[in-house]
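# Close look at the chain arrangement
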Amino acid sequence: MEQLKKQIVGTAPTPEDLRSYGKTIAMATDRIAGMIEVLSANGFRVTAKKDYIYADSETVEAAAARRLLAEHGFADREYQIYLEYRRQWGVM
């Protein structure tokens, strides 16, 4: 998608360039919507921020989330997982 964007920005795009870019954006948003469906159905809270969509869970481990997404056909390159541990009762 980035390559197509670079191809269009700074040039005189043809109508076909724009249609192709629009199809790419539509496919990407459909994939994101699919991820939201899978994660929401498995207890994740989904929040939209300015530049990203954030799905949070305090019960699903990172490895389990990765397996879940892989089982539904999502590749590692389509998402990022951040793992955060919280200290409770002074024990780490």
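Please refer to the structure higher up on the page.
Residues numbered from 1 in each chain as written. Predicted model: local features only at pLDDT ≥ 70, side-chain atom pairs only at ≥ 80, totals over all residues. Heavy atoms only, no water.

### Details of the nonpolar core
Grouped together as the largest cluster of nonpolar side chains are nine residues: M35, V38, L39, F44, A65, L68, L69, F74 and Y79. Every element with two or more residues in this core is listed here: α2 (15–41) and α3 (62–71). The residues contacting M35, other than those within four sequence positions of it, are L69, F74, E78 and Y79. (Core = buried A, V, L, I, M, F, W, Y, C linked by side-chain atoms within 4.5 Å. Buried < 20%, exposed > 50% of the residue type's maximum accessible area, 1.4 Å probe, protein only. Helix = DSSP H or I, 4+ residues; strand = E, 2+ residues; numbered from the N terminus. Contact = heavy atoms within 4.5 Å.)

### Things to note about a nonpolar patch on the surface
A grouping of I32, V46 and I53 is seen on the molecular surface, where their side chains present a nonpolar patch of about 230 Å² in accessible area. Turning to its location among the elements, V46 is positioned in strand β1 (residues 45–48). (Patch = residues over 30% accessible without salt bridge, like charges linked within 9 Å, V, L, I, M, F, W, Y side chains within 5 Å. Areas by Shrake-Rupley, 256 points an atom, 1.4 Å probe, with all protein chains shown as cover. Salt bridge = Lys/Arg side-chain N within 4 Å of Asp/Glu carboxyl O.)

### A few points about the pattern of salt bridges
One pass over the full model with this rule turns up four salt bridges. Put simply, D56 and R45 hold a salt bridge, and the shortest N to O gap is 2.3 Å. With a gap of eleven residues between them, D56 in strand β2 (residues 53–56) and R45 in strand β1 connect regions that are remote in the sequence. Through salt bridges with shared partners, a single ionic network connects R45, D56 and E58.

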